[in-house]
Amino acid sequence: MLNYRLSREEMVLTQLERRGIHDERVLNAMRKVKRHHFVEPAFRDRAYDDTPLPIDEGQTISQPYVVARMTGLLEIQPTDKALEIGTGSGYQAAVLAELCHKVFSIERHMNLLQKARQALDEQGYANVVLKQGDGTIGWAEFAPFDKIIITAAAPKFPKTLFSQLKDGGLMVFPMGEKRTQDLVLVQRSGEEAMMKEVGQVAFVPLVGREGWPNST
Ligand code: SAM
């Protein structure tokens, strides 16, 4: 039986700090969230490995480094209301929930959403609100959001989601049509999007009205 707490400490040191992530709040959230409760039981012993892992519906739980990096880029504040597109396992939502006031997260697969809800409830994350649907059209009822994170690859700029971002707010997402995509950070300034490419990532596709067509 692995000592998961020790595995998390090691993950933070070797995968995050040594790769330049030094935001203490983000590091503490990564130390705290029990990733092994968000992976499939068959992969539990690999929960803190430096890799994405398969979840249902042919999807993945992202690599810890990518979760920490995207979270850090959002400069989350305790009062923030954040929107995540692509709940997947619920792990990224839990990391955000450690740092901000409320997390809204949308997942297109009901099966994943139900498992994520169960894991989040068991871990006591009462400040995460989930819904099943097409996240590319956002969640107008609760907009505007201080921060938006898309954890699937958008083929083009997500206009509707941008329209649901607060003035001055930050949005981070992978964008591109290839197997690896640009990680893009956007700050809203009035109607303008100030965009920056901040690295390369490899995400599954964002499928929906303003994403890729649904082929399943
Ligand atoms: N953030 C997740 C986690 O912590 O486990 C990992 C997300 S996984 C890389 C991408 C997820 O985006 C998949 O679960 C996929 O079903 C979902 N997805 C893709 N397109 C979507 C859309 N239009 N709306 C909502 N979810 C979508």
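Quick caveat, the model's predicted, so the values are computed rather than measured.

1. Considering the environment of E177
Looking at the element boundaries, E177 is found in the loop between β7 (165-175) and β8 (181-189). Given the relative accessible area of 60%, E177 is considered exposed. Once the C-alpha coordinates of E177 and A154 are considered, the two residues, 23 residues apart in sequence, prove to be 7.8 Å apart. Filtering out sequence-adjacent residues up to four positions away, E177 remains in contact with P155 and W212.

2. A short note on the site of the ligand
Near the ligand there are 28 residues, and of these E84, S89, E107, G135 and V207 occur at the shortest range. One of the side-chain nitrogen or oxygen atoms of E107 is found 2.6 Å away from an oxygen atom of the ligand. A distance of 3.1 Å separates a nitrogen atom of the ligand from a polar atom in the side chain of T151. Here the ligand loses 99% of its free accessible area of 600 Å² to cover by the protein chains. Judged by the fraction of its atoms near the pocket grid, the ligand is located in the largest pocket. Those elements that provide at least two residues to the shell around the ligand are β2 (60-61), β3 (81-85), α4 (91-99) and β4 (102-107).

3. Topic: the packing of helix α1 (residues 4-16) against helix α2 (residues 24-32)
In the contact formed by α1 and α2, the axes pass within 8 Å of each other and the chain directions differ by 140 degrees. For the element pair α1 / α2, the angle class is oblique. Every pair of crossing elements has a handedness; the one defined by α1 and α2 is right-handed. Packed against α1, whose contacting residues are R8, E9, M11, V12 and L16, the element α2 presents L27, M30, R31 and K32 at the interface.

4. A word on unusual backbone geometry
A cis geometry characterises the amide bond from A143 onward to P144, with omega recorded as 5 degrees. Relative to the elements of secondary structure, P144 occurs in the loop between β5 (128-132) and β6 (145-150). Non-glycine residue E57 carries a positive phi angle of around 65 degrees. Its place among the elements puts E57 in the loop between β1 (53-54) and β2. Overall, E57 belongs to the partly exposed group, its relative accessible area being 39%. Despite not being glycine, E75 shows a phi value in the positive range, around 45 degrees. The topology assignment puts E75 in the loop between α3 (64-73) and β3.

5. A look at the sheet that holds β4
Here seven strands make up an open sheet; going across it, the order is β5-β4-β3-β6-β7-β8-β9 and the pairing mixed. In this open sheet, the two strands that pair with only one neighbour each are β5 and β9 (192-201). Put simply, the sheet's adjacent strands are angled 15 degrees from each other on average, direction ignored. As paired strands, β7 and β8 are joined by six bridges and run antiparallel to one another. Pairing of P174 across the sheet is with L183, part of β8.

6. Overview of the pairing of β5
Pairing of β4 with β5 involves five bridges; the strand directions are parallel. Bridged to I106 within β5 is K131.

7. Digging into the layout of surface pockets
In this structure, the largest pocket encloses a volume near 520 Å³. In terms of lining, the largest pocket is formed by 37 residues, of which the most central are Q59, E107, A152, V204 and P205. Put simply, the parts of the chain that give the lining of the largest pocket at least two residues each are β2, α3, β3, α4 and β4. A breakdown of the residues in the lining of the largest pocket according to their chemical character gives 15 nonpolar, 17 polar and five charged. In this structure, the second largest pocket encloses a volume near 240 Å³. If you go around the second largest pocket, you meet 15 residues; those closest to its centre are H37, V39, E40, K115 and A119. Grouping the constituent residues of the lining of the second largest pocket by class yields seven nonpolar, four polar and four charged.

Definitions and limits used
All residue numbers here refer to positions counted from 1 along the written sequence of the relevant chain. Two thresholds apply to this predicted model, a pLDDT of at least 70 for residue-level local features and 80 or more for giving and counting side-chain atom pairs, whereas whole-chain, interface and lining totals are computed over all residues. The side-chain quantities take in all heavy atoms of the structure and omit both hydrogens and water. A run of H or I in DSSP becomes a helix once it reaches four residues, and a run of E becomes a strand once it reaches two; helices and strands are each numbered from the N terminus. Throughout, exposure labels follow a simple rule: accessible area from a 1.4 Å probe, protein chains only, divided by the maximum for the residue type, with under 20% read as buried, over 50% as exposed, and the rest as partly exposed. Contact criterion: two residues are considered in contact whenever any of their non-hydrogen atoms come within 4.5 Å of each other. Residue proximity to a molecule or strand is established when one non-hydrogen atom of the residue lies within 4 Å of it. Polar contact criterion, stated in full: a pair of N or O atoms within 3.5 Å, where within protein one must be able to donate a hydrogen and the other to accept it, and residues adjacent in sequence count only if both atoms are side-chain atoms. Where accessible areas are quoted, they stem from the Shrake-Rupley method and a 1.4 Å probe; at the residue level, only the protein chains shown are allowed to cover. The distinction between a cavity and a pocket rests on a 1 Å grid over the protein atoms alone: a 1.4 Å probe fits inside a cavity but cannot get out, while a pocket stays open yet meets protein on both sides within 12 Å along at least five of seven lines, and a residue with an atom within 4 Å of a point counts as lining. Grid points define the cavity or pocket, and a molecule sits in it when more than half of its atoms lie within 2 Å of them. Helix axes use the C-alpha atoms of the stretch in contact, all axes being lines fitted to C-alpha atoms, and the angles between their N-to-C directions lie in the range 0 to 180 degrees. Every angle not falling under 35 degrees, over 145, or within 65 to 115 is termed oblique; those three ranges are roughly parallel, roughly antiparallel and roughly perpendicular. The handedness criterion is simple: a crossing whose near helix is rotated anticlockwise from the far helix by less than a right angle is left-handed, and one whose near helix is rotated clockwise is right-handed. Between any two strands, pairing holds if DSSP finds at least two bridges. Grid points are joined across faces, edges and corners, and a volume is the space filled by probe spheres set on the points. By the convention adopted, Pro, Cys, Tyr, Trp, Phe, Met, Ile, Leu, Val and Ala count as nonpolar, Lys, Arg, Asp and Glu as charged, and the other residues, Gly among them, as polar.

So, to be careful, I would describe these as geometric facts and stop short of saying anything about function.
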